Amino acid sequence: MKRLPLLLPLLVVALAACSNGEDLQEMHGTLERDRLELVAESNERIIEVLVHEGENVPAGAVLLRQEAGTMQPRLDQARAALAEAERRLADAVAGPRPREIDEARADLAGADSQLATERREFERIDSLVERRLLSASDLDRARARRDGAQAARDQAQARLALLEEGTRPEQVRQAEAAVEGARAALAELETSAGRYAVHAPRAGQVEALPYKLGERPAAGAPVVVLLADGTPYARIYVPEPLRSQLTAGRTVTVAIDGVATPLAGKVRYVSAEAAFTPYYALTQKDRTRLSYLAEITLDDPRAAALPVGVPVQVTLAAPPAQPQ
């Protein structure tokens, strides 16, 4: 958001006298509101315009949307990654299913039976070898089958014990970390994608929509100009002879066209630099043509409903004469 470039109005300085004889010094300007430029996130096409010029909108309202473009596939991929991480976490927390444990017990029972068979077969062949009815190679093969059955039985027993213990805490924490990482990645992309929808940062009135539906604004180009709600302020140009008298915090009187009685105002800002030619390049006579931008806060509730651009006249009493 940034202010629109200001068009310096012509300076009008008038010196008048009030009814009680005090010298009044006048400064002129216009009534203004904060003007906000809401810019495009990228050069993607505008696919939806939800407001029209002159419409009042609340803070946070969606004003305009741009096409997500390549952001949409990235969002879909991030959501799928998060779903996969959450599934893995759920599996880790739930642990093995009862059917898996029953299957492991059945495998262990089968391995026990096979080991018992191979042990009996080894003992039978061993006795035959002692009686020289079979060769030593037959005994070696029987021993290998027995040892294989023993290893298979130990493996089945270990698998059952692992399933009965459930998931290790380290695995659960690892799955939780994966879910958090996937959520953070998705949140980052959603934040970036959210900028493709232009929201109103403050309640206000839509002043301009520079681009139309279907157009492709340049990245960073203003697509909505918003005038913020609230009490407006007076933007005036202070003549150089009055600059030393106008300081931040000073109370002034603001007369506005169309308002019967003047409003009280307070100076909130005075520019440190003159508008036009630098002061050091001017003669004393020319310096009176300089002007300084100033802003006046209007606290009177009557000012809230006034439109921008209305001419204003700010006056302040001349400072009392210093004793000789």
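Rules behind the numbers
In every chain, residue numbers begin from 1 and rise along the written sequence. For this predicted model, a pLDDT threshold of at least 70 governs which residues receive local features, and a threshold of 80 or more governs which side-chain atom pairs are given and counted, while totals over whole chains, interfaces and linings are taken from all residues. Just so you know, side-chain values use all the structure's heavy atoms and leave hydrogens and water out. Helical segments are the DSSP runs of H or I of at least four residues, strand segments are the runs of E of at least two, and each set is numbered from the N terminus. For two strands to be treated as a pair, DSSP must find no fewer than two bridges joining them. Think of each axis as a best-fit line through the C-alpha atoms, taken over the contacting stretch in the case of a helix, with angles from 0 to 180 degrees between the N-to-C directions. Each residue carries a pLDDT score, the predictor's confidence in it, ranging from 0 to 100. Any two residues having at least one pair of non-hydrogen atoms within 4.5 Å are treated as being in contact. We define the nonpolar core as a collection of buried residues of types Ala, Val, Leu, Ile, Met, Phe, Trp, Tyr and Cys that are connected through side-chain atoms lying within 4.5 Å of one another. Burial status follows relative accessibility: with a 1.4 Å probe on protein chains alone, a residue under 20% of its type maximum counts as buried, one over 50% as exposed, and anything between as partly exposed.

Novice: I tried to follow unusual backbone geometry on my own but got confused; where do I start?
Specialist: Excluding glycine, residues mostly have negative phi values, and the peptide bonds linking residues are mostly trans. The phi dihedral of Arg132 falls on the positive side, at around 60°, and the residue is not glycine. In this fold, Arg132 is placed in the loop between helix H2 (98-130) and helix H3 (136-165).

Novice: Mind showing me how you'd approach the sheet that holds strand E8 (residues 204-208) here?
Specialist: Strands in a sheet are paired, the pairing made by backbone hydrogen bonds, and the direction either parallel or antiparallel. Strand order in the open sheet formed by four strands is E3-E9-E8-E5, and the pairing between neighbours is antiparallel. Edge positions in the open sheet fall to strand E3 (35-39) and strand E5 (56-57), since each of these has one partner strand only. Both E3 and strand E9 (residues 222-228) contribute to a ladder of five bridges, which runs antiparallel. Pairing of Glu37 across the sheet is with Val225, part of E9.

Novice: Even after reading the chapter, I still don't get the sheet that holds strand E6 (residues 62-66), so can you show me in this structure?
Specialist: One open sheet holds the three strands; their spatial order is E4-E6-E7, and the pairing between them is antiparallel. The open sheet has two edge strands, strand E4 (46-49) and strand E7 (197-199), and neither has a second partner. Adjacent strand axes in the sheet meet at a mean angle of 20°, parallel and antiparallel pairs treated alike. By the bridge criterion, three bridges tie E6 to E7 in an arrangement that is antiparallel.

Novice: Please clarify how the confidence of the model for the chain should be interpreted in this entry.
Specialist: Predicted coordinates in regions of low pLDDT should not be interpreted in detail. Confidence in the prediction for the chain averages 82 pLDDT; 86% of positions are at 70 or higher. Per-element confidence in the chain ranges from a low mean pLDDT of 34 for strand E1 (residues 15-17) to a high of 94 for E5. With pLDDT under 50 throughout, residues 1-23 is counted as low confidence; its partners more than four residues away or in other chains account for 44 contacts.

Novice: Looking at this structure, I do not really get the nonpolar core. What am I missing?
Specialist: Most often, soluble globular proteins keep nonpolar side chains buried together rather than apart. Ile236, Leu246, Ile256 and Ile296 are the most contacted members of the largest nonpolar core, which totals 25 residues. Mapped by element, the contributors of at least two residues to this core are strand E2 (23-32), strand E10 (233-239), strand E11 (251-256), strand E12 (263-270), strand E13 (291-298) and strand E14 (311-317). By residue number, the principal contributor to this core is E13, which donates four residues. In this structure, Leu246 is in contact with Met27, Ile236, Val238, Val252, Val267, Val270, Ala294 and Leu316, ignoring residues within four places of it in sequence. Counting 16 residues, the second largest nonpolar core, distinct from the first, contains Leu36, Val51, Leu64 and Leu226.

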